[in-house]
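An overview of the molecular structure
As a plain string of letters, each chain reads:
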Amino acid sequence: MASATIQNELRARFRSEAVLDDVPPSYLRDETETRGLCGRADAVVRPRDAEQVAELLAWCYEREVPIVPRGGGTGYAGGAVPLDGGVVLSLERLDRVRSFEPLLWRMQVEAGVTTARVRSTAQEGGLLFPPDPGAAEQSQLGGNIATNAGGPHAYKYGVTGAWVTGLEAAVPPGELISLGGPFRKDVAGYDLKSLLIGSEGTLGVITAAWLRLTPAPEAAAPVVSCYEGTAAGCAALERVLGTGIPVAALEYLDAATVGYAGGSFPGELPPDAFIVLAEVDGSREEVDRLGAELAEVLAEDASAVFSPAEPSEIAALWRWRDGVSIAVGAARGGKASEDIVVPFDRLGEAIEETLEIGRRHRLPACSWGHAGDGNLHSTFLLVPGDEEELDRSRAATEELFALAARLGGSISGEHGVGRLKRGQLARQWQPRALALHAAIKRAWDPKGLLNPGKKE
Ligand SMILES: Cc1cc2nc3c(=O)[nH]c(=O)nc-3n(C[C@H](O)[C@H](O)[C@H](O)COP(=O)(O)OP(=O)(O)OC[C@H]3O[C@@H](n4cnc5c(N)ncnc54)[C@H](O)[C@@H]3O)c2cc1C
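Below you will find a few notes about this structure. Just so we're clear, the structure is a prediction, and the values are computed from it rather than from any experiment. (Residues numbered from 1 in each chain as written. Predicted model: local features only at pLDDT ≥ 70, side-chain atom pairs only at ≥ 80, totals over all residues. Heavy atoms only, no water.)

Section: the environment of Gly150
Mapped onto the elements, Gly150 comes out in the loop between α4 (141-147) and α5 (154-157). For Gly150 and Pro131, which are 19 residues apart along the polypeptide, the C-alpha to C-alpha distance reads 6.1 Å. Setting aside its immediate chain neighbours within four residues, Gly150 contacts Asp132, Pro133, Val159 and Glu414. (Helix = DSSP H or I, 4+ residues; strand = E, 2+ residues; numbered from the N terminus. Contact = heavy atoms within 4.5 Å.)

Here is the structure:
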C-alpha cells in the first residue's frame, strides 16, 4: 500500500487530528541517530485513547501494515525506529492520570504520561515512584514499561516492572486486555503481565498501567568519592557492599568519563579521578547515621570525598549525573553507548576491557553506570557521519557483547535489544531458549506486524 493511500484511509477512519500530515522526521529516530539508525514510515498516528489504539491495531492487522509503538523516543536501542514503513503509533495523547489514591499508595496512569509527571504526582501525595531512568521529562511510562527501564535507584528499589501491578494493552488482532490491577499479588495463570514488561513493543501496545507507590523517604544523603584508578574505585565499591550499608544508589564513573563530563561537576575534582557516587535514604536519623558510615567506608584510599548536605547541592549533584550521557556524547558529537551487565565481582574487568576494546578499534572509550547492579554504559565516541568510524564502533560493540557473555553477564541490563542488538541473544541463550522466545512472539503476534525486526 502506498504511503498516501495509508494516510488517506487512516484519516477517513480516525479523526484527522489523530493522523499527522506527512511523517515528521522526529518520529523516525531515537537516541541512536548518531549511530546511523534512521527509519522510514508511511504514517504517524496519535490515538486519543486506549479504544482508538486497539482500533488502529485492528486496522493495521487486517491490512498487514506494520505498527511501531512510540513513547518519548529516548531509547538507546533503536526500538522506536520504524525500520521499513508502516504506522508509527505515538502514545503521546494518552496522557491522563486515571486515578491517584495516595492513602492506598497507588495510581493508574496512561502510557503517554512522562516519567517526570508520574514521579511528581506521587511526590505531591508524599509518595515515591522509584524508577528513575534519565531523560525523565521526555520518556513516557509506556516506554519505561516496554523497556523495563532502570536508573540509579534501581539498586535499592528495583526496575520499573517491580512497581507495575497491572497493565492494560492492545494486542493483535486488535483487542484490549487487562492483566493484574490495583492489587499487589497475582499468581493466576502464566505471568502475561511480566511478558509485556520489557517486550519493547513487539507483543502489544501498553495503554495504561496500575502502579504501586511507596512513602517517600524523609531524607537522602549522597557521598561522592574519588580514586586513582579502576582497581581502587572497584575496591571501594566492594567495601560498600561488604559492610552491608543499605545504599539506595551505587554508581561509578571511570576516569575517562570524568574527563569528558567532570567540567560541570558541582565541586572541585582531583585530576584523573575514578568516581564512586553512593546514596543512602530513609528517616532523617537513619540518613545521618548511615551517611556518616558510608563516607567513612568510602574515604579509605580516596583522594577526595564530598558529602553534599543541602537539598540544592544534592539536586545539583544528581542533575550533573543525569547529564553525564549527554556530556560524553557532546565530546565528539556522537557515541555508541551500550548497557551490558556483568556479575558485580567482574565489574573491574569489564571497565578495563571496555578501554582496551576502544584502543583496539582506535576509538576513544569510557564507561560509567549502575555499579551495584553490575550495569555498565560502555561507550565509544564517534564523529557523526564518519562511516568508517561507525563500522569500527560496530566491531567494538560486538566485542563488548562477547565480553558480557564471557564474564557471565548479559548483553543488556537496561536499554533492551531493540534493533541494535539484533541477533545478540544467541551469545547467552541455548537454542531451545531462543526457540521459546520466538514462539512467544508468534503466539502474541502471528503476523509479525508489531515492531518488526526488534528484540530478536
Ligand atoms: C539521557 C538519557 C538517560 C537515560 N538513562 C536511562 C537509565 O538510567 N535507565 C534506563 O533504563 N534507560 C535510560 N535511558 C533510555 C530511555 O530513556 C529508556 O529506555 C526509556 O524508558 C524509554 O522510554 P521512551 O518513552 O522514550 O521510549 P521509546 O524510546 O519511545 O521506546 C522504547 C521502546 O519501547 C516501545 N514502546 C514505547 N512505548 C510503548 C507502549 N506504550 N507500548 C508498547 N511499547 C512501547 C518502543 O516500540 C521501543 O521499542 C536514558 C536515555 C537518555 C536519552
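Description of the sheet that holds strand β1 (residues 43-45)
Taking strand neighbours across the sheet as the criterion, the 3 strands line up as β1-β3-β2 in an open arrangement whose pairing is parallel. Sheet topology places β1 and β2 (67-70) at the edges, where each strand pairs with a single neighbour. Across the sheet, the mean angle separating the axes of adjacent strands is 25° when strand polarity is ignored. Pairing geometry for β2 and strand β3 (residues 87-90), over 4 bridges, is parallel. Directly across from Pro69, in β3, lies its bridge partner Leu89. Sheet contacts for helix α1 (residues 3-13): β1 and β3; angle to β1, the most-contacted strand, approximately 25°. Sheet strands in contact with helix α2 (residues 50-63) are β1, β2 and β3, and its direction is about 170° off that of β3. (Pairing = 2+ DSSP bridges. Axes fitted to C-alpha atoms, helices over the stretch in contact; angles between N-to-C directions.)

A closer look at the side chain of Thr257
Within the secondary structure layout, Thr257 lies in helix α8 (residues 255-261). Look at Thr257 and you get buried, because its relative accessible area is 0%. (Buried < 20%, exposed > 50% of the residue type's maximum accessible area, 1.4 Å probe, protein only.)

Topic: the sheet that holds strand β11 (residues 219-228)
Sheet architecture is open: 7 strands sit in the order β14-β11-β13-β12-β16-β17-β15, paired in antiparallel fashion. Here the strands that pair on one side only, and so sit at the sheet edges, are β14 (304-306) and β15 (334-337). In this sheet, neighbouring strand axes are inclined to one another by 20° on average, regardless of whether the strands run parallel or antiparallel. With respect to the sheet, helix α12 (residues 347-360) is in contact with β12 (249-253), β13 (273-282), β16 (365-370) and β17 (375-382), its orientation differing from that of β17 by roughly 10°.

A look at the packing of α12 against helix α13 (residues 387-406)
One can describe the packing of α12 onto α13 by two numbers: an axis separation of 10 Å at closest approach and a directional angle of 155°. What the angle tells us is that α12 and α13 run roughly antiparallel. Once α12 is placed against α13, the crossing between them reads as right-handed. Listed contacts from α13 to Ala350, Glu353, Thr354, Ile357 and Arg360 of α12 are Ala396, Glu399, Leu400, Leu403 and Arg406. The residue makeup of the contact of α12 with α13, split by class, is 5 nonpolar, 1 polar and 4 charged. (Parallel < 35°, antiparallel > 145°, perpendicular 65-115°, else oblique. Left-handed = near helix turned anticlockwise from the far one by under 90°. Nonpolar A, V, L, I, M, F, W, Y, C, P; charged D, E, K, R; others polar.)

So, α1
Along α1, the residues that are buried comprise Ile6, Gln7 and Leu10. Taken around the axis of α1, the buried residues stretch over an arc of 95°, which confines them to a single face. Away from the buried face of α1 by more than 90 degrees, exposed residues Ala4 and Ala12 are located. Those residues of α1 hidden inside the fold are in contact with β1, α2 and β3. (Arc of directions from axis to C-beta.)

Concerning the site of the ligand
Around the ligand, the surrounding shell holds 35 residues, and the nearest of these are Pro69, Gly71, Gly72, Thr74 and Asn144. The separation between a nitrogen atom of the ligand and a polar side-chain atom of Glu414 is 3.0 Å. Here an oxygen atom of the ligand and a side-chain polar atom of Asn451 are 3.2 Å apart. Considered on its own, the ligand offers 980 Å² of accessible surface; in the complex 96% of this is hidden by protein. (Near = heavy atom within 4 Å. Polar contact = N/O pair within 3.5 Å; in protein donor to acceptor, adjacent residues only side chain to side chain. Areas by Shrake-Rupley, 256 points an atom, 1.4 Å probe, with all protein chains shown as cover.)

Functional significance is not addressed by these values, which are geometric in nature.
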